[in-house]
There are 2 protein chains.
Amino acid sequence: MVSIADVARDAGVSSSTVSYVLSGKRSISPETRRRVEDSVRRLGYHPHAGARALASSRTNVLGLVMPLRPDIDVPVLMGFVTSVVTSARRYQHDVLLVTNDEGPEGLRRVANSATADALLVMDVETADPRVPVLHSLPCPAVLVGLPDDPGSLSCVDLDFSAAARRCVEHLAELGHERIALVGPSPAVYERGTSFADRFLDGFTTAARQRNTHAVSSPCPPSYEGVCACLDRIFAERPEPTGLVVHNEAVLGTLLSELRGRGRRVPEDVSVVAVGPGETTANWPVPLTTVPLPSDEIGRTAVEMTMRELEGTASAEVRLLSPRLVPGRSTAPPPPTVS
Amino acid sequence: MVSIADVARDAGVSSSTVSYVLSGKRSISPETRRRVEDSVRRLGYHPHAGARALASSRTNVLGLVMPLRPDIDVPVLMGFVTSVVTSARRYQHDVLLVTNDEGPEGLRRVANSATADALLVMDVETADPRVPVLHSLPCPAVLVGLPDDPGSLSCVDLDFSAAARRCVEHLAELGHERIALVGPSPAVYERGTSFADRFLDGFTTAARQRNTHAVSSPCPPSYEGVCACLDRIFAERPEPTGLVVHNEAVLGTLLSELRGRGRRVPEDVSVVAVGPGETTANWPVPLTTVPLPSDEIGRTAVEMTMRELEGTASAEVRLLSPRLVPGRSTAPPPPTVS
DNA sequence: TTGAAAGCGTTACCAT
DNA sequence: ATGGTAACGCTTTCAA
């Protein structure tokens, strides 16, 4: 292994000088800098991460806490992960995957063993048991999501309440007076997932304000689940004419089942989907969508983390404003049978 | 931070004894062991990862090299990732995410800076440019996939060639004489993705051996792509009666489009899908499936890595045998119009 | 069965 | 603008 001493010898300087050239923490004569950088390149020197962590108490690693549940929205999750990783690299940081199956002890281990400098936590619940644990750790933590009581932890998320409002308003403006929400799987609600609750709240409230009749129905990720969910919704009288789908996983099945039931989109039913950006494209009718910007959320989470590590900022809750991207899946409701 | 010296003091032993209690590398009297373990628990001691890495030249971290392409199969990828992470934890290892956008230099950085002990590489291509780089690194690497020339690197993957054969045989045994492959996106073929090639090979060869007429058609992940793909397939005369879908992303769209074209599954067309296990469930007709066992592949990759790190095994190529899980989407072909 | 002490490769403080 | 050197917290060899 090539060490800092090798580089120092090769460049004819002391190892501390090499260290300073690399960190930029003190001024170096152009000539020295050049020689050192040459040697670094020529020898293929890479500082030993462990040694560096030991001496500087900084690992340059971010711990990303990932849910392992079967009922999560996989594309959204992957969107976060890639966004976090690429953003972290911009700040010279690597990303370590931490799963939840070690429980709180896993978080303590990673933080207390100086394996990571900070923790990013995904899939946050309303009353998330990890919140108190995170407060007790010697490192900053940023939540992707919004628990009831974040205390002094930073949070980033889409403003799901506003997103729901946006969907309702869009349908209401088109003239829909009876709408329905196809929600996430019951399991997601049962564990009090933060975003699901906030979306449902926003949906219900906005509908009330608009004097729009609204029903909502969780939807399990199976063909039978989708059918049952649609049965429930279309049992309403008169039938809802607008659907808000907050469940990426069943979208395909749902659209296909609507067609199977002889309901055309958007002639008979309007559909707004909330989900990853790609959601729009794959269907016969391009969908009206409120994109879930996992990219921006991940990037923001990393940036907030970096500010906290630098000490240039402290905890903060940031809710990103939703956009509605019009497609051809929403239109005015069919004329009422008189 | 609580260090090994703190524990040693608290337990009334030397720090080397604490180290040995923790590593189990030499025998310790029961009494001493108890006292040390007590102190560890009471003080909440976690060994400093960097210090440990520095002293032992082992980081207990696995680098997982992840593709960032938009055209990968996300659920499959996530399956690997979770499988790798949970398997690694069984061996006391953490997983660091490495993306490809740093290029080969990223691999060198992670390996040469002693950030990870080994590399697991996903999304391997036929002539993968990373293979020579991996050979030059001071740490073992395991490929998920099978390049043309793996040299001395370990590989794990589903035997895609056998998987295709299995699909063809299943359809042939039911009596289908004309079949078609709905393949991955053209982009996947263009970059010479290992599994896509091997599947196509197996498909073509098996069909020839069975005297079955076969066409294959890559399928871009969009509604138009699916339509074009089906147009091409059903332009054959007589029309194919069996479809093998090796493209998880378009499955929903494809099934819905088949229905839209008035083709019933399995009465008019039989469908076999290759993909993650969940693939089966979400459709009106439970699909006949050849599962892609990301779980087993990930676990195997980790185990092979561990063996190599221990030095108890060397490079090896392991191709897992496919299973075919019968559903209700395959049946004998409709009687020929005479 | 245990302890002392020499590294491991950096960083950062104290000099000059 | 640069060099010397004491930490950093652990593992492991050597000694007892």
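Cut-offs used in this document
Here the residue index of a chain counts from 1 through its sequence in written order. Here the convention is simple: chains get letters from A, ligands get numbers from 1, in the order in which they are written. In view of the model being predicted, local features appear only for residues whose pLDDT reaches at least 70, and side-chain atom pairs are presented and counted only at 80 or more, with totals across whole chains, interfaces and linings using the full set of residues. As a convention, hydrogens and water are excluded, and side-chain values are obtained from all of the structure's heavy atoms. Think of it this way: any DSSP run of H or I at least four residues long counts as a helix, any run of E at least two long counts as a strand, and we number them from the N terminus. To get the radius of gyration, use the C-alpha atoms; to get the globule rule, take the number of residues to the power 0.38 and multiply by 2.2 Å. Residue burial is assigned from relative accessible area. The probe radius is 1.4 Å, only protein chains are included, and a residue is buried under 20% of its type maximum, exposed over 50%, and partly exposed in between. Contacts are assigned to residue pairs that have any heavy atoms within 4.5 Å of one another. For every accessible area listed, the method is Shrake-Rupley and the probe measures 1.4 Å; residues are considered covered only by the protein chains on display. Note on charges: Lys and Arg go in the positive column, Asp and Glu in the negative column, and His and the chain ends are not counted at all. The atom standing in for a charge is NZ when the residue is Lys, CZ when it is Arg, CG when it is Asp and CD when it is Glu. The nearness test applies per residue and asks whether one of its heavy atoms lies within 4 Å of the molecule or strand. Residues adjacent in sequence count toward polar contacts only when both atoms are side-chain atoms; beyond that, a polar contact is any pair of N or O atoms within 3.5 Å, and within protein one must be able to donate a hydrogen and the other to accept it. For this overlay, a least-squares fit was computed on C-alpha atoms, restricted to residues scoring pLDDT of at least 70 in both copies. Defined in terms of a 1.4 Å probe, buried area is the accessible area two parts forfeit on being brought together, summed over both. In the sections that follow, a salt bridge refers to a side-chain nitrogen of Lys or Arg positioned within 4 Å of a carboxyl oxygen of Asp or Glu. The rule for pairing is simple: two strands pair if DSSP sees at least two bridges between them. Axes here mean lines fitted to C-alpha atoms, for a helix over just the part in contact, with angles spanning 0 to 180 degrees between N-to-C directions. The start and end points of each domain follow an automatic or database-based domain assignment. Each Phe, Tyr or Trp ring, with Trp reduced to its six-membered ring, pairs with another whose centre is within 6.5 Å; inter-plane angles below 30 degrees give stacked pairs, above 60 give edge-to-face pairs, and intermediate values give tilted ones.

A. Representation of the overall build of chain A in the model. When its secondary structure is counted, chain A shows 13 helices and eleven strands. The C-alpha atoms of chain A give a radius of gyration of 25 Å, which is well past the 20 Å a tight globule of 338 residues would have. Along the first, second and third principal axes, the C-alpha atoms of chain A reach 95 × 40 × 35 Å. Expressed as a percentage of its 338 residues, the buried residues of chain A come to 54%. Pairs at least 24 residues apart make up 71% of the contacts formed inside chain A by residues separated by at least 6 positions. Working note: accessible area of chain A is about 14,100 Å², and carbon and sulfur atoms make up 51% of it. Both charge centroids of chain A, one from 34 positive and one from 40 negative side chains, sit 6 Å from each other.

B. Representation of the protein's contact with DNA strand C in the model. In the neighbourhood of DNA strand C, 26 residues make up the surrounding shell, with Ile4 and Arg52 of chain A together with Thr17, Ser27 and Thr32 of chain B lying closest. The share of sugar and phosphate among atoms of DNA strand C within 4 Å of the protein is 53%. Contact between DNA strand C and Lys25 of chain A: a phosphate oxygen at 3.0 Å from a side-chain N or O atom of the residue. Ser29 of chain B places a side-chain nitrogen or oxygen 2.9 Å from a phosphate oxygen of DNA strand C.

C. Representation of the relation of the copies chain B and chain A in the model. When chain B is fitted to chain A, the best match, at an RMSD of 0.1 Å, comes from turning it 180 degrees and sliding it 0.0 Å along the axis. The relationship between the two copies is best expressed as a two-fold rotation axis. Counting the interface residues of chain B, we find that 100% of their copies in chain A are interface residues as well, pointing to one common contact surface.

D. Local environment of the interface of chain B and chain A. Opposite the 49 residues of chain B that make contact, chain A presents 49 residues. Both sides together, the interface formed by chain B and chain A hides about 4,100 Å², and carbon and sulfur atoms give 63% of it. Taken together, the links from chain B to chain A amount to four salt bridges. Two residues, Arg89 of chain B and Glu102 of chain A, come together in a salt bridge whose shortest N-O distance is 3.1 Å.

E. The arrangement of the sheet that holds strand E5 (residues 154-158) of chain B in detail. Spatially, E11(A)-E5(A)-E4(A)-E3(A)-E1(A)-E2(A)-E2(B)-E1(B)-E3(B)-E4(B)-E5(B)-E11(B) is the arrangement adopted by the twelve strands of the open sheet, whose pairing is mixed. The outermost strands of the open sheet, each flanked by one partner alone, are strand E11 (317-320) of chain A together with strand E11 (317-320) of chain B. Between one strand axis and the next, the sheet turns through 20 degrees on average, direction left out of account. In the sheet, strand E1 (residues 61-66) of chain A pairs with strand E2 (residues 94-99) of chain A via six bridges, with the strands oriented parallel. The partner of Leu64 of chain A across the bridge, within E2 of chain A, is Leu97 of chain A. The sheet strands contacting helix H13 (residues 294-310) of chain A are E1, strand E3 (118-121), strand E4 (141-144), strand E5 (154-158) and E11 of chain A, and the helix crosses E5 of chain A at an angle near 165 degrees.

F. Structural detail: the pairing of E5 of chain B. All names here are of chain B. Across the five residues of E5, five count as buried, placing the element largely inside the fold. In E5, alternate side chains face the same way, and those of Ser154, Val156 and Leu158 on one face and Cys155 and Asp157 on the other are all buried. Alignment of strand E4 (residues 141-144) against E5, held across three bridges, turns out to be parallel. Across the sheet, Val144 pairs through a bridge with Val156, a residue of E5. Relative to E11, E5 runs parallel, the two sharing four bridges. Counterpart to Cys155 in the pairing with E11 is Val317.

G. The arrangement of the domain arrangement of chain A in detail. Residues and elements named next belong to chain A. We note that the domain assignment places domain 1 (4-47), domain 2 (61-158 + 294-320) and domain 3 (160-291) within chain A. Contacts between the two partners involve 15 residues from domain 2 and, on the opposite side, 14 residues from domain 3. Across the domain 2/domain 3 interface, buried area totals approximately 1,100 Å², and carbon plus sulfur atoms make up 49% of it. A per-residue breakdown of the area domain 2 buries against domain 3 is headed by Asp71, Thr126 and Leu158, which together make up 43% of the total. The interface formed by domain 2 and domain 3 contains three salt bridges.

H. Focus on unusual backbone geometry. The peptide bond linking Arg237 of chain B to Pro238 of chain B adopts the cis configuration, its omega dihedral lying at -10 degrees. If you trace the backbone, Pro238 of chain B turns up in the loop between helix H11 (223-234) and strand E8 (242-245). Cis geometry is found at the peptide bond from Val265 of chain B to Pro266 of chain B, where omega equals 5 degrees. Position of Pro266 of chain B relative to the elements: it lies in the loop between helix H12 (251-260) and strand E9 (270-275). Even without glycine at this site, Ser57 of chain A takes up a positive phi of about 50 degrees. You can call Ser57 of chain A exposed: its relative accessible area is 61%.

I. Up close: the environment of Ser19 of chain B. Locating Ser19 of chain B in the fold gives a position in helix H2 (residues 15-23). Ser19 of chain B sits twelve residues away from Val7 of chain B along the chain, and the two C-alpha atoms are 9.9 Å apart.

J. Just the packing of aromatic side chains, in detail. All names here are of chain A. Enumeration over the complete set of coordinates arrives at two aromatic pairs over all chains. Where Phe160 meets Phe195, the ring centres are 5.3 Å apart and the plane angle is 40 degrees; that geometry is what we call tilted. Here Phe160 is found in helix H8 (residues 160-174), whereas its partner Phe195 is found in helix H10 (residues 194-209), with 35 residues between them in sequence. With a relative accessible area of 3%, Phe160 lands in the buried category. For Phe195, a relative accessible area of 26% puts it in the partly exposed group.

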